Amino acid sequence: MFHTAASAFALLLAATVPALAVATPAVSQTPAAHGHRHADFESVRFHVRVEGEASASGRDLILIPGLSSHPDVFNGLISRLEPGWRIHAVHVAGFSGAPAGANADGPVAAPVAEELARYIADQGLQKPVVIGHSLGGTIGLMLAARHPDSVGKLMVVDMIPFMGPMFGGPAATPESVAPIADRARAGMLAAPVEAYNAQLAGTIAGMIKTESERAGPLDQALRSDRTVSANAYRELIVTDLRPELPNITAPVEVLYVAFTGMGPEMTDGIYRASFQSLPSATLTRIDDSAHFIMLDQPEVFAAKVNAYLD
C-alpha cells in the first residue's frame, strides 16, 4: 500500500519536469531593478539573490526552491518574516529561465549542495538557517549531513530522504531503482512538448490547491531546462540520504502534507520511518495544503518559519 499510494506523489513530482527550455541572459552582479542584488559569487551551479544587510548577530537565511522552481515561490514568506534577517535566495542553474550551466550534465542536487558549502564559507556566513522545499529539501539535507559545521538550523519542506520506495517498494535500494530512474529520465527527455505541457498544467493543479497561485510555478516550470530537470529527478529517485542523517548536528524541522491518495496517519508513519535515523528531527504535518505549502498556507507556513527562527 505504501508503494501504490506514495507513487501518486512521486508521479506528481515527476510530471513537473518542464516541456520547454528557455535561455536567459547571464546573471548580472549589479543591483536588480526589482530591489535585490546578486551575491558576488561565481558558480556554474546557481546564483544567489540577496535581500537585506548583514547584521552583527549573523542572522542569515538561505532559501532553496524545488524542482523547476524559482526563488519567487518564497516571496510570500519573505514578506512575512520577522525583521533582521538577510535572505540568500538560491536560483538553481537550469530552472525557471536560468542558463543550465554545469547542471546540464549529471547530478544536480549533490553538486549544488557542495557549492552552497563553498558559498557559505566564501561569504563568511556564520551558521545560517537553511530552508529547502522539495528538491531544495534534499539539497539542504545533503548540505547539513556533509558539511555539518556550515548549517545552524535546517527546515525541510515536503520531502523525504529517499524516494526509492515510491518506485521499488519498501525494500528498494538505490541500485534496484536505478533502471527505473534511467527510464524515467529518458522518457522525460523524449516526451512531445504538447503532451508535457498538458500534463504539466494538471500536475501543478494537483500540487497547489489555491488556483490563483498556480500561474507562477507553471510559468517557472515551462521556462526550465528539460535536461536539468530530468537529471535532477533521476538523482532524486536514486539518492538515499537515510544513512547520512546521523551526521547532521543542526536542529531539523520537517513540514509535510499528506501524500496524494493517502490518509494523514499513514503519511505520518512514512515520515517517521523515513527520518528514524535522525530522531531529533521535529516532524509537523500541515493540513489543507498540497505540495507547495508556502503558497497554499502562507500564514501558517510563515508562522512556523518565524517560530523556528526564534
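Since this is a predicted model, take the numbers as computed values, not measurements.

Draft legend 1. Representation of the pairing of strand β6 (residues 153–157) within the structure. Along β6, four of the five residues are buried, which leaves the element largely enclosed by surrounding structure. Pairing analysis gives five bridges linking strand β5 (residues 129–133) to β6, with the strands arranged parallel. Bridged to Val129 within β6 is Lys153.

Draft legend 2. Region of interest: the packing of aromatic side chains. In the structure shown here, the tally under the stated rule is seven aromatic pairs. Ring centres of Phe41 and Tyr119 lie 5.1 Å apart, and the angle between their planes is 85°; this geometry places the pair in the edge-to-face category. Residue Phe41 is located in the loop between β1 (37–38) and β2 (46–51), and its partner Tyr119 is located in helix α3 (residues 109–122); the two are separated by 78 residues in the primary sequence. On the numbers, 4.1 Å between centres and 15° between planes, the contact of Tyr256 with Tyr271 is stacked. Placement of the pair is Tyr256 in strand β7 (residues 252–256) and Tyr271 in helix α10 (residues 264–274), with a sequence separation of 15 residues. Tyr271 matches Tyr256 in its accessibility class, with the two residues each being buried. Sitting over the face of the ring of Tyr308, Lys153 holds its NZ or CZ atom 4.9 Å from the ring centroid. Residue placement shows Arg226 over the ring face of Tyr196; its charged tip is 5.1 Å from the ring centre.

Draft legend 3. Examining the confidence of the model for the protein more closely. Across the protein, the average pLDDT comes to 88, with 87% of residues at or above 70. Contacts of residues 1–34 to residues separated by more than four positions or lying in other chains number 101 contacts, the stretch itself having pLDDT below 50.

Draft legend 4. Summary view of the sheet that holds β6. Pairing in this open sheet of eight strands is mixed, and the strands run β1-β2-β4-β3-β5-β6-β7-β8 from one edge to the other. In this open sheet, the two strands that pair with only one neighbour each are β1 and β8 (282–285). Packing of helix α4 (residues 135–146) onto the sheet brings it into contact with β3 (60–64), β5 and β6, and relative to β5 it is tilted by some 145°. Its contacts with the sheet place helix α12 (residues 298–309) against β3, β5, β6, β7 and β8, and it is angled at close to 160° to β6.

Draft legend 5. Seen up close, the packing of helix α7 (residues 193–207) against helix α8 (residues 215–222). Two numbers describe how α7 lies on α8: the axes approach to 10 Å, and their chain directions differ by 145°. The two elements α7 and α8 meet at a crossing, and its hand is right-handed. Contacts between α7 and α8 involve Asn197, Leu200, Ala201 and Ile204 from the first element and Pro217, Leu218, Ala221 and Leu222 from the second. Of the residues in the contact of α7 with α8, the class split is seven nonpolar, one polar and no charged.

Conventions used here
- Residues numbered from 1 in each chain as written.
- Predicted model: local features only at pLDDT ≥ 70, side-chain atom pairs only at ≥ 80, totals over all residues.
- Heavy atoms only, no water.
- Buried < 20%, exposed > 50% of the residue type's maximum accessible area, 1.4 Å probe, protein only.
- Helix = DSSP H or I, 4+ residues; strand = E, 2+ residues; numbered from the N terminus.
- Pairing = 2+ DSSP bridges.
- Phe/Tyr/Trp six-rings, centres within 6.5 Å; stacked < 30°, edge-to-face > 60°.
- Lys NZ or Arg CZ within 6 Å of the ring centre and 35° of its normal.
- pLDDT = per-residue confidence, 0-100.
- Contact = heavy atoms within 4.5 Å.
- Axes fitted to C-alpha atoms, helices over the stretch in contact; angles between N-to-C directions.
- Left-handed = near helix turned anticlockwise from the far one by under 90°.
- Nonpolar A, V, L, I, M, F, W, Y, C, P; charged D, E, K, R; others polar.

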